[in-house]
Amino acid sequence: MKSVAIVPTLAVAAFAAPAKDIEKRATPHVYLAGDSTMALGGGGTSTQGWGVYLPYSLKDVTVVNDAVAGRSARSYTDEGRFTTLVNTVASGDWVIIEFGHNDGGSLSPTDNGRSDCVGSGSETCTTAAGVVVQTYVTYLTNAAKALLAKGAKVIISSPTPDNTCESGTCSYTPSRFTAYCKDVVENAGNGASFVDHGQYVANEFNALGATVVNSYYPKDHTHTSPIGANVVAAAFMKGLMCNNDPLATYSKNTTASIAGSCI
Ligand SMILES: *[C@@H]1O[C@H](CO)[C@@H](O)[C@H](O)[C@H]1NC(C)=O
């Protein structure tokens, strides 16, 4: 009797395993969620987002750049863009999330629809118009958890710095969003990872020096030229590979072949 009871269980398990595999895509998708520093078209004329160059460094995946200029963790959420991603991802896909450039600022006297409530936890703020606003950490934790529940893996990436060499001397101090990113990864748990993109970019900019780095900023101190965006994409890959992130297995390049040192 005992063995009879076990047989159906094994049979169910044997059918369950392939059924789960079928839900995966033959070629995993890597979705990018972020702002103009990542988006196609960057911050306008003569600039480009780094997400445009990421596909050149990855093999056997399809990169889908869903970054949109001007967005923050809050507005990307409020516009339903994370919900769309959650409804789109398949098990085995990846989502790289990088926000921060539009998340600062104050909710008063005028709310721009993008600023988050300041804090690293579940704090809320209420605007003059009565809109309840969550923290960066809450918006991204909610998104990450929903994506993980669909079987996707989530990479939370710290924002790119503004031109670190603007003064003629290169220096970088991470913004509060870098610490928030680590909080999000901790909250989201298994399947979420962190890439300190901001620090990797800053380190590479230090190595290149002010003359080269300033030439990457044709318009303002936030948006890079296409050549600059390619350097910013390479810095992301370096961080990914130095961390031995699971997505690094799809890299076309070795860790050593990408400029910079691991931190
Ligand atoms: C990786 O190699 C490809 C060529 O196979 C190249 O286009 C890409 O820029 C490289 N990426 C990095 C980060 O060096």
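Refer to the structure above for everything that follows.
Nothing here was measured: the structure is a model prediction, and the numbers come from that model.

Here's the deal with the overall build of the protein chain
- Helix and strand counts for the protein chain stand at eight helices and seven strands.
- Since a compact globule built from 263 residues should have a radius of gyration of about 18 Å, the 20 Å found for the protein chain is in line with a globular shape.
- Here the C-alpha coordinates of the protein chain stretch approximately 80 × 50 × 30 Å along the principal axes.
- Going through the 263 residues of the protein chain one by one, you find that 48% of them count as buried.
- Within the protein chain, contacts between residues separated by at least 24 positions form 70% of all contacts whose residues are at least 6 apart in sequence.
- A distance of 7 Å separates the average location of the 17 positive side-chain charges in the protein chain from that of its 21 negative side-chain charges.

Some thoughts on the nonpolar core
- If you look at the biggest cluster of nonpolar residues, it comprises 36 residues, and the most contacted ones within it are Trp50, Leu54, Ile96, Ile155, Phe205, Phe236 and Leu240.
- Elements that contribute at least two residues to this core include exactly β1 (29-34), β3 (94-98), α6 (197-208), α7 (210-215) and α8 (226-242).
- Take this core: its biggest share by element is 10 residues, from α8.
- Phe236 has contacts with Trp50, Leu54, Ile96, Ile155, Ser157, Val195 and His197, leaving out every residue within four places of it along the chain.
- With 33 residues, the next largest nonpolar core counts Tyr76, Ala144, Val184 and Ala192 among its residues.

A short note on the state of the cysteines
- Tallied over the full model, the rule gives three disulfides.
- Disulfide partner of Cys117: Cys125, at an S-S distance of 2.0 Å. With the S-S bond torsion at 65 degrees, the cross-link from Cys117 to Cys125 turns out right-handed.
- Taking the relative accessible area as the measure of exposure, Cys117 reaches 3% and is therefore buried.
- By relative accessible area, Cys125 is classed as partly exposed at 23%.
- The disulfide that involves Cys165 links it to Cys170, with 2.1 Å between the sulfurs. Judged by the sign of its S-S torsion, about 110 degrees, the bond between Cys165 and Cys170 is right-handed.
- Cys170 sits in the buried class, given a relative accessible area of 18%.
- Counting its disulfide-bonded cysteines in sequence order, the protein chain shows a connectivity of 1-2, 3-4, 5-6.

Parameters at a glance
- Residues numbered from 1 in each chain as written.
- Predicted model: local features only at pLDDT ≥ 70, side-chain atom pairs only at ≥ 80, totals over all residues.
- Heavy atoms only, no water.
- Helix = DSSP H or I, 4+ residues; strand = E, 2+ residues; numbered from the N terminus.
- Rg over C-alpha atoms; globule rule 2.2 N^0.38 Å.
- Buried < 20%, exposed > 50% of the residue type's maximum accessible area, 1.4 Å probe, protein only.
- Contact = heavy atoms within 4.5 Å.
- Lys, Arg positive; Asp, Glu negative; His and termini not counted.
- Charge placed at Lys NZ, Arg CZ, Asp CG, Glu CD.
- Core = buried A, V, L, I, M, F, W, Y, C linked by side-chain atoms within 4.5 Å.
- Disulfide = S-S within 2.5 Å.

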